[in-house]
Amino acid sequence: MADEPLVLGIETSCDETGVGIVRGTTLLADAVASSVDEHARFGGVVPEVASRAHLEAMVPTIERALATAGVSARDLDGIAVTAGPGLAGALLVGVSAAKAYAYALGKPLYGVNHLASHICVDQLEHGPLPEPTMALLVSGGHSSLLLAPDITADVRPLGATIDDAAGEAFDKIARVLHLGFPGGPVIDRLAREGDPAAIAFPRGLTGPRDAAYDFSFSGLKTSVARWIEAKRSAGEDVPVRDVAASFQEAVVDVLTRKAVRACKDEGVDHLMIGGGVAANSRLRAMAEERCARAGIILRVPRPGLCTDNGAMVAALGAEMVARGRSASAWDLSADSSLPVTDTHVPAHEAVHAAAHAAAHAHSHVHAHAAGEGH
Amino acid sequence: MLLLAVDTATPAITVALHDGDSVLAAESDVDARRHGELLLPAVDRVLAAAGARLDAVTDLVVGVGPGPYTGLRVGIATALAFGSALGVPVRGLCTLDGLAYASGLDGPFVVATDARRKEVYWARYADARTRVTEPAVDRPADLADTVAGLPAVGAGATLYPDVFPDARGPGHQSAAALASLAAELLAARPLPDGGAPAASGGPSAPSGPGGLDSPGAGFLPPLPLYLRRPDAQVPKNYKVVTPK
Ligand SMILES: [Zn+2]
């Protein structure tokens, strides 16, 4: 175990300044500084506010992670950082800091993909990922169905949202219900006391001719908002718990239905669910039930590892080191729309182009599914 | 002493290495959109040109702006991470002070850089080493009376010739000037205990009107001089739900 790679990972793609340290698939530290409270009154993440917070939190969070892990920066085998996708200005703070640390310490630098990191983090919870793994990533920034034959080199987008991310829909409905930001946790809590069958909200893109693995939450969002408004203008009380439960049921039904179908179609017997929405208790319960019925093994990391964090970046970085993947060059740049097929950003253009072409040859739906970013 | 200075607060990506006596190596590139990409390779080349390794650096100095935020943060994040990894103090200097120092002027003048949105970042100086106003951001037309008759240094001056008819060089920031200014400041204020300040940023020079110890011409904490509040806008693709 001591000869497994010791890697520090930095994540700044959205509003969390995350620094994690792992040894192979063992988590040693997971330090996070969040600016979520500063965004709450705007009802969403304000990029400039996030970038300012990242710069202030960056070095203290790195130092806290090193202290928690009880390791010396000199002993690291590499430094990994989210190169994209995400908010450009926010990513740039992490990439700049990671490059400087790696350069100053004489360590290899790995610019890695945020979405692939969300998948790889499960290694810290449930051990090495089976190959291939099916992954459903759902958060305020992304809703993607990904097939990962090799998390360090081959991740294929099967489907993604064509409008809102799942987490975004939670935030918006919470706002219509005056429940604050972020919306996920509070809707989850209220929904437990409501009736999920009380209101039949629409299931987007589930018709026979719709894209099998794509998602749409915009119509659902509008439908829920109109239903609430109709109640209000009729002078009736809005049954908040029932609305929350019925809305949540519609989202979770579509997510799990499509994920299980993708597993069956691709002959994959493992499903991993990651991203902030994976913390949703109903999503976990329904996925558990449907996977069990289909003979699929479900892997969902604990909530703290599902939201954006540095440990997931470190986990993917450690896998890059373990598999001898090329390190990034000192001119690594942040790429706000890094395609999910670019699992990392290796130094040589030639290598990069070849990997990119190979990945695209396999992907049959969305070349830019990851471009939705945050 | 081996002092590394970086500044990315303006379109220039600029790096210099100073040994206390002179600049050993320096490099500047002007590319407003690629600060993040270009800075570290520039540091690498400057160190190589001087035959030095980063871990020999004893002092870090970074231009803290004012400047457009995204680029500005690259230099500061880099300097702070170097400081943490090496255990070396990081000091900030006002970016406008570097331009003022490089001008070599010994009478009153103004420094102006491009703040975009039809505004300039600017400050007034009594001479190349003495800033007499806090850096500010304003529309050039609103400054016309304040800066009338004064020579003006920096790319912000050449952008608005009506307001700054007497534009002088240099147009772009150079870390060599920043490093030389920092070396002068360090030489002028030996610490009581003879050691370097332990904390990032160290204490700022004591205030006093004029000279190197004035608040405007001394070291600053290594934090950005934004001068503007953040635009409180959620991303463009964020659709607001308004029930009809
Ligand atoms: Zn994420």
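Draft legend 1. How the structure looks around the overall build of chain B. Of regular secondary structure, chain B possesses six helices and 11 strands. Across the 244 residues that make up chain B, the buried fraction comes to 52%. Across chain B, contacts joining residues at least 24 apart in sequence account for 62% of those joining residues at least 6 apart. Here chain B has roughly 10100 Å² of accessible surface; of this, 52% comes from carbon and sulfur atoms.

Draft legend 2. Spatial organisation of the sheet that holds strand β2 (residues 12-18) of chain B. Residues and elements named next belong to chain B. Here five strands make up an open sheet; going across it, the order is β3-β2-β1-β4-β5 and the pairing mixed. Each end of this open sheet is capped by a strand with a single partner; those strands are β3 (23-30) and β5 (90-93). With direction set aside, neighbouring strand axes in the sheet form an average angle of 15°. Of the strand pairs in this sheet, β2 and β3 are connected by seven bridges, and their pairing is antiparallel. Considered in β3, the bridge of A16 is made with A26. Seen against the sheet, helix α2 (residues 69-86) touches β1 (3-7), β4 (59-63) and β5 and runs at an angle of roughly 165° to β4.

Draft legend 3. Quick peek at the sheet that holds strand β4 (residues 78-84) of chain A. Residues and elements named next belong to chain A. Across the sheet, which stays open at both edges, the five strands sit in the order β3-β2-β1-β4-β5 with mixed pairing between neighbours. The sheet terminates laterally at β3 (26-34) and β5 (109-113), the two strands that pair on one side only. Adjacent strand axes in the sheet meet at a mean angle of 20°, parallel and antiparallel pairs treated alike. Two elements, β4 and β5, share five bridges in a ladder whose sense is parallel. Considered in β5, the bridge of G84 is made with N113. Against the sheet, helix α3 (residues 88-105) makes contact with β1 (6-11), β4 and β5, and its axis sits at roughly 160° relative to β4, the strand it touches most.

Draft legend 4. Geometry of the interface of chain A and chain B. Tallying the contact residues gives 39 residues for chain A and 38 residues for chain B. Of the roughly 3400 Å² buried between chain A and chain B, counting both surfaces, carbon and sulfur atoms make up 66%. The largest per-residue losses of area from chain A upon contact with chain B belong to R52(A), L55(A) and Y103(A), which jointly make up 21% of the total buried on that side. Inspection of the chain A/chain B interface yields one salt bridge. The shortest N-O distance in the salt bridge between E48(A) and R73(B) comes to 3.0 Å. Along the contact surface separating chain A from chain B lie seven residue pairs in polar contact (both at pLDDT 80 or more). Where the side of chain A that touches chain B is concerned, the elements lending two or more residues are α2 (47-69), α3, α6 (166-176) and α8 (218-233) of chain A. Of all the elements, α3(A) adds the most residues to the side of chain A that touches chain B, at 11 residues.

Draft legend 5. Structural detail: the nonpolar core. Membership of the largest hydrophobic core comes to 83 residues, with the highest contact counts inside it found for L8(A), I21(A), L4(B), V43(B), L54(B) and F82(B). Those residues within four positions of L4(B) in sequence are excluded, and the remaining contacts are V15(B), A16(B), L17(B), V43(B), L54(B), V57(B), D59(B), L60(B), V61(B) and F82(B). V176(A), V186(A), L255(A) and C306(A) belong to the second largest nonpolar core, which has 53 residues in total.

Rules behind the numbers
Residues numbered from 1 in each chain as written. Chains lettered and ligands numbered in written order. Predicted model: local features only at pLDDT ≥ 70, side-chain atom pairs only at ≥ 80, totals over all residues. Heavy atoms only, no water. Helix = DSSP H or I, 4+ residues; strand = E, 2+ residues; numbered from the N terminus. Buried < 20%, exposed > 50% of the residue type's maximum accessible area, 1.4 Å probe, protein only. Contact = heavy atoms within 4.5 Å. Areas by Shrake-Rupley, 256 points an atom, 1.4 Å probe, with all protein chains shown as cover. Pairing = 2+ DSSP bridges. Axes fitted to C-alpha atoms, helices over the stretch in contact; angles between N-to-C directions. Buried area = accessible area lost by both parts, 1.4 Å probe. Salt bridge = Lys/Arg side-chain N within 4 Å of Asp/Glu carboxyl O. Polar contact = N/O pair within 3.5 Å; in protein donor to acceptor, adjacent residues only side chain to side chain. Core = buried A, V, L, I, M, F, W, Y, C linked by side-chain atoms within 4.5 Å.

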